[in-house]
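Overview (structure and organization)
Given next are the chains, with one letter for each unit.
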Amino acid sequence: MSTIVVYLEQKGNELKRSSLEAITAALGVTGSTVIGLLVGGDAPSVQLAGEYGLKECAVANHDLLQAYSSTAVSATIAEFAKSVGATSVFFGATAAGKEISPRVSVKLNAGFVPDCVALEANSGSIVASRPVYAGKAKINMAVTTTVGVYSLRPNVFTARKVDNPTAVSVREFTPTLSAHDCRMKVTNVLRNEGKLDVSEADIIVSGGRGMKGAENFHLVESLGKVLGAAVGASRAVVDAGWRPHGEQVGQTGKTVSPNLYIACGISGAVQHLAGMSSSKVIVAINKDKDAPIFKVADYGIVGDVFDVLPKLTAKLTH
Amino acid sequence: MNILVCISQVPDTTTKVAVGTDGKTIEKTGVKFILNPYDEFTIEEGLRLREKFGGSVTALTVGGDTAKEILRTALAMGVDKAVFVKDDNREDSYSVAVNIAEVAKSMQPDVVVLGRQSIDYDSFAMASMVGELLDMPSISVVSKWNIEGNTVIAERDIEGGKEVVETTLPCVISAQKGLNDPRYPKLPDIMKAKSKPIEERTGVASSSRVQTFSMELPQSKRVGKILGDTDTDISELVRLLHEEAKVI
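This report concerns the structure included in the present document. (Residues numbered from 1 in each chain as written. Chains lettered and ligands numbered in written order. Predicted model: local features only at pLDDT ≥ 70, side-chain atom pairs only at ≥ 80, totals over all residues. Heavy atoms only, no water.)

**A few points about the interface of chain A and chain B**
Between chain A and chain B, the contact holds 86 residues from the first and 80 residues from the second. In total, about 7100 Å² of surface goes out of reach between chain A and chain B, with carbon and sulfur atoms giving 55% of it. It is A:Arg103, A:Tyr133 and A:Tyr299 that lose the most area in chain A upon contact with chain B, and together they represent 11% of the buried surface on that side. Joining chain A to chain B, the criterion identifies eight salt bridges. For B:Glu132, the salt bridge identified is with A:Lys107, shortest N-O distance 3.0 Å. For the pair chain A and chain B, the number of links is 49 residue pairs in polar contact (both at pLDDT 80 or more). The biggest single contributor to the side of chain A that touches chain B is helix H4 (residues 95–107) of chain A, with nine residues. For the side of chain A that touches chain B, the per-class residue count stands at 37 nonpolar, 27 polar and 22 charged. (Contact = heavy atoms within 4.5 Å. Buried area = accessible area lost by both parts, 1.4 Å probe. Salt bridge = Lys/Arg side-chain N within 4 Å of Asp/Glu carboxyl O. Polar contact = N/O pair within 3.5 Å; in protein donor to acceptor, adjacent residues only side chain to side chain. Helix = DSSP H or I, 4+ residues; strand = E, 2+ residues; numbered from the N terminus. Nonpolar A, V, L, I, M, F, W, Y, C, P; charged D, E, K, R; others polar.)

**Concerning the sheet that holds strand S4 (residues 32–39) of chain A**
Residues and elements named next belong to chain A. Pairing in this open sheet of seven strands is parallel, and the strands run S7-S11-S6-S1-S4-S5-S12 from one edge to the other. Across the chains shown, the open sheet's two edge strands, defined by having one partner strand only, are strand S7 (111–116) and strand S12 (169–173). Taken over all neighbouring pairs, the strand axes of this sheet differ in orientation by 25 degrees on average, direction set aside. Contacts from helix H3 (residues 70–83) reach strand S1 (2–8), S4, strand S5 (56–60), strand S6 (88–92) and S12 within the one sheet, and its direction differs from that of S4 by about 150 degrees. (Pairing = 2+ DSSP bridges. Axes fitted to C-alpha atoms, helices over the stretch in contact; angles between N-to-C directions.)

**Overview of the packing of H4(A) against helix H4 (residues 126–134) of chain B**
Each pair of packed helices can be summarised by the angle the axes make with each other and by the distance between the axes. Here H4(A) crosses H4(B) at 40 degrees, and the two axes come no closer than 8 Å. The angle between the axes of H4(A) and H4(B) places the two elements in the oblique class. Note on packing geometry: the crossing formed by H4(A) with H4(B) is right-handed. Seen from H4(A), the contacting residues are A:Lys98, A:Glu99, A:Pro102, A:Arg103, A:Ser105, A:Val106 and A:Lys107; seen from H4(B), they are B:Ser128, B:Met129, B:Gly131, B:Glu132 and B:Leu133. Class assignment of the residues belonging to the contact of H4(A) with H4(B) gives a composition of four nonpolar, three polar and five charged. (Parallel < 35°, antiparallel > 145°, perpendicular 65-115°, else oblique. Left-handed = near helix turned anticlockwise from the far one by under 90°.)

**Some details on the packing of helix H8 (residues 305–317) of chain A against helix H6 (residues 231–244) of chain B**
Where H8(A) contacts H6(B), the two axes come as close as 10 Å, and the packing angle between them is 50 degrees. Classed by the angle they form, the pair H8(A) and H6(B) counts as oblique. With respect to the hand of their crossing, H8(A) and H6(B) are arranged in right-handed fashion. Between H8(A), through A:Val308, A:Lys311, A:Leu312, A:Lys315 and A:Leu316, and H6(B), the contact on the second element is made entirely by B:Asp231, B:Ile234, B:Ser235, B:Leu237 and B:Val238. Looking at the contact of H8(A) with H6(B) residue by residue, the class counts come to six nonpolar, one polar and three charged.

**Overview of the packing of aromatic side chains**
Enumeration over the complete set of coordinates arrives at four aromatic pairs over all chains. Taking 5.1 Å as the distance between ring centres and 75 degrees as the angle between the ring planes, the aromatic pair formed by A:Phe80 and A:Phe173 counts as edge-to-face. Residue A:Phe80 is located in helix H3, and its partner A:Phe173 is located in strand S12; the two are separated by 93 residues in the primary sequence. The class of A:Phe173 is buried, set by a relative accessible area of 13%. A centroid spacing of 5.7 Å and a plane angle of 65 degrees characterise the contact between A:Tyr133 and B:Tyr121, whose relative ring orientation is edge-to-face. One end of the pair, A:Tyr133, is in the loop between strand S9 (125–132) and strand S10 (137–143); the other, B:Tyr121, is in the loop between strand S6 (111–115) and H4, on a second chain. One Lys or Arg, A:Lys98, reaches over the ring of B:Phe124 and ends 4.0 Å from the middle of that ring. For B:Arg209, the ring lying beneath its charged end belongs to B:Tyr94, and the centroid distance is 3.6 Å. (Phe/Tyr/Trp six-rings, centres within 6.5 Å; stacked < 30°, edge-to-face > 60°. Buried < 20%, exposed > 50% of the residue type's maximum accessible area, 1.4 Å probe, protein only. Lys NZ or Arg CZ within 6 Å of the ring centre and 35° of its normal.)

**Some thoughts on the pattern of salt bridges**
Within this structure, the stated rule accounts for 38 salt bridges over all chains. The partner of B:Arg156 in a salt bridge is A:Glu99, and the shortest N-O contact between them spans 3.3 Å. Of this pair, B:Arg156 sits in strand S8 (residues 151–158) while A:Glu99 sits in helix H4, on two different chains. Looking at B:Arg156, the relative accessible area reads 2%, which means it is buried. Of the charged contacts in the structure, one is a salt bridge between A:Arg243 and A:Glu247, with a shortest N-O distance of 2.8 Å. Taking the relative accessible area as the measure of exposure, A:Arg243 reaches 14% and is therefore buried. Several salt bridges share partner residues, and in doing so they unite A:Lys195, A:Glu221, A:Arg243 and A:Glu247 into one network.

**Comments concerning the sheet that holds strand S12 (residues 210–216) of chain B**
Spatially, the four strands line up as an open sheet ordered S8(A)-S9(A)-S10(A)-S12(B), and their pairing is antiparallel. In the strand order of this sheet, the two ends are held by strand S8 (118–122) of chain A together with S12 of chain B, each with one partner. Mean inter-strand twist for the sheet, computed between neighbouring axes without regard to direction, equals 25 degrees. Relative to S9(A), S8(A) runs antiparallel, the two sharing five bridges. Its bridge partner lying in S9(A), A:Asn122 is registered against A:Ser125.

**Side note on the nonpolar core**
In summary, soluble globular proteins display a tendency toward joint burial of nonpolar side chains. Counting 54 residues, the largest nonpolar core has A:Ile77, A:Leu108 and B:Ile100 as the members making the most contacts within it. Residues contacting A:Ile77, with those up to four places away along its chain left out, are A:Tyr7, A:Leu37, A:Val39, A:Val89, A:Phe91, A:Ile100 and A:Val104. In terms of nonpolar packing, the next biggest core, distinct from the first, is built from 42 residues, B:Ile3, B:Ile34, B:Leu49 and B:Leu179 among them. (Core = buried A, V, L, I, M, F, W, Y, C linked by side-chain atoms within 4.5 Å.)

Spelled out as structure tokens, the structure:
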């Protein structure tokens, strides 16, 4: 019998979708008991997890968890995992998940498999698939240790509601923390106000060199606005200073997997494809019919972005 | 200030990946290996810390024999010392982290700088793992930071913004693009770096905590409907997104 602890992450007072995805993934490992763990969070939000099949959850609280500290959170998760005899710990591979999961793996003497895109339960053990070389290849791997720590790439696993959900049984957990565990803490969060980030968006509209200049990005932004999408950019565009680095999608930018990715005037260099090829649906708009981006696209428009983008935006507005 | 910068060698970003004969790793023949792009920021940050606080910068790489080349680059850029640990295990971040921690323990650094990720196995794990093994705080994906006395204040990139993190020295950070503007080594320095010593150390034999069964190349399952740019085509695209793909 295996026990999987799923680290539940909150945004504001709500559970992040990546945490719900991790719950569904954990429930898919047959023969496992799944326990959620919320650290220093808001207990009522846990009930939403019940709709996704979570039955058991612990909420960790401690005076030293008032300010977010990745080292204190890691210590809490590891202590909890030990207390319930966890065989696996699941994280969403979010900014926070990526930072704390490796620490937890060291604390638990556990093998670490980051950024999983598929998990297969094979007679009690888990075989995970993860992209390497920025998605140019994929490896299938497993831990050789008793305990395994996995992080799951957001928006790849589907969070599924269950029929006949039950109320989540919630208990408290008080970790043994000392000031030493809290030597680092978050003192402030600076939000990019009014701007949706590519790493969180369901839809991304990205512009490349074909946009010809910073002054033409309003075409990309307008389409993005109609779709409620985040604006992304290729490396060439960021290097040219047309767009900020935070919008860069690709091997040296952000890896994204939105439901819809619209590439405008992006030829599709292998480094760019690496960052967006796990998107669910890809649309390419490019005037060069031989551009490599069309080879990974579900739908393509061979045409000039300056002509196509305003028309597409107008049609989607109606 | 005693500064340790940890760098790695990776295939060039333009590499077309093929699966090697072992079926588990990439085919290395014909692949050009380079300094991990994020480690240009790593080395630069080490040099800037030395310029500001004095002390010395040690560059460390854990990798196969060819990885010594990137230590030459680091020496040409201006690091004081280069250490090479031979361990070619790329699949297990932990094994690399143990080797870094072992070197770090012997030199008691005030600051350890790494790149936010190596662009081969893309694990984003090293800062946290090394921090844990050294019992030091760590801050990953740092785009800006400042050290005053013993206090470290850093900004790290998160979804939709930045987190301001406060900690104390000694600590580990991983560098994000934009942290600095890396210098290019000058030709005379590149020549001089060729004859500088590289200290070689034997890796710590730690059994791998993960095993790879197979490597495969992603198969594109895309529908690939390519349309023209007429009004009808654009309307058709909108219809397909609504009715077939159901994404809007």
